[in-house]
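Each chain, letter by letter, is given below.
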Amino acid sequence: QVQLVESGGGLVQAGGSLRLSCAASGRTFISYAMGWFRQAPGKEREFVAGISWSGSTYYADSVKGRSIISRDNAKNTVYLQMNSLKPEDTAVYYCATAKARRGSWSRIESQYDYWGQGTQVTVSS
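Because the structure is predicted, anything quoted here is derived from the model rather than measured. Every chain begins its residue count from 1, and numbering advances along the sequence as written. Local features in this predicted model are restricted to residues whose pLDDT is 70 or higher, and side-chain atom pairs enter the listing and the counts only when it is 80 or higher, whereas totals over whole chains, interfaces and linings include all residues. The basis for the side-chain values is all heavy atoms of the structure; hydrogens and waters are excluded.

A.B. asks: What is the right way to look at empty space enclosed by the protein in this model?
C.D. replies: In this analysis a 1.4 Å probe is tested at points of a 1 Å grid over the protein atoms alone, and where it fits but cannot get out there is a cavity; an open set with protein on both sides within 12 Å along at least five of seven lines is a pocket; lining residues have an atom within 4 Å of a point. Grid points are joined across faces, edges and corners, and a volume is the space filled by probe spheres set on the points. For the structure on display, the rule yields one cavity of 30 Å³ or more. Of the volumes computed, that of the largest cavity is approximately 60 Å³. Along its surface, the largest cavity is lined by V2, L4, A24, S25, G26, R27, F29, Y32, M34 and T97. Each residue belonging to the lining of the largest cavity can be placed in one class, and the counts come to six nonpolar, three polar and one charged. Only Asp, Glu, Lys and Arg are considered charged in this grouping, and only Ala, Val, Leu, Ile, Met, Phe, Trp, Tyr, Cys and Pro are considered nonpolar; every other residue, Gly among them, is considered polar.

A.B. asks: Before we go on, may I ask you to explain the sheet that holds strand β7 (residues 67-72) in this structure?
C.D. replies: Each strand in a sheet pairs with its neighbour through backbone hydrogen bonds, running either in the same direction (parallel) or in the opposite one (antiparallel). When DSSP finds at least two bridges between two strands, those strands are taken to pair. Numbering of helices and strands runs from the N terminus; a helix is a DSSP stretch of H or I covering at least four residues, while a strand is a stretch of E covering at least two. With antiparallel pairing, four strands are arranged side by side in an open sheet as β1-β3-β8-β7. Edge positions in the sheet fall to β1 (3-7) and β7, since each of these pairs with one other strand and no more. Pairwise comparison of adjacent strand axes, ignoring direction, gives a mean angle of 15° for this sheet. Two strands pair when backbone bridges link them, and strand β3 (residues 18-25) and strand β8 (residues 77-82) are joined in this way by six bridges, in the antiparallel orientation. Bridge pairing links C22 to V78 in β8. Orientation is described by axes fitted as lines to C-alpha atoms, over the contacting stretch for helices, and by angles from 0 to 180 degrees between their N-to-C directions.

In structure tokens form, the structure reads like this:
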């Protein structure tokens with residue numbers, strides 16, 4: 001059974017930083033792309049960043065230049081380092097693992113088959 005567990009969320013002031021972690025189990029982690037998504041109150045869930053099984057990355061325009069996605073295959077963990085946080089970054093952040101083995105990242109939710117429970121990020125102004 002595949003499980004994804006996010007951690008690292010919290011309350012931070014604008015301009016601050018957080019590092020989110022997503023620990024995966026139940027799948028050969030190294031072979032799958034991973035993605036981070038977020039959902040703000042009253043809004044649809046949106047893509048934030050993705051990393052392929054080979055390590056290539058992609059970011060949404062809203063976080064580009066402020067965030068870094070990375071993976072540690074030895075620890076079966078993917079990270080999202082977020083800097084220069086803004087109040088509009090407030091959301092529940094979810095990690096997800098892609099359906100396709102050895103595939104690339106995707107902005108499309110349906111391309112991911114397992115999701116974590118989410119971790120709350122709140123940025124105060």
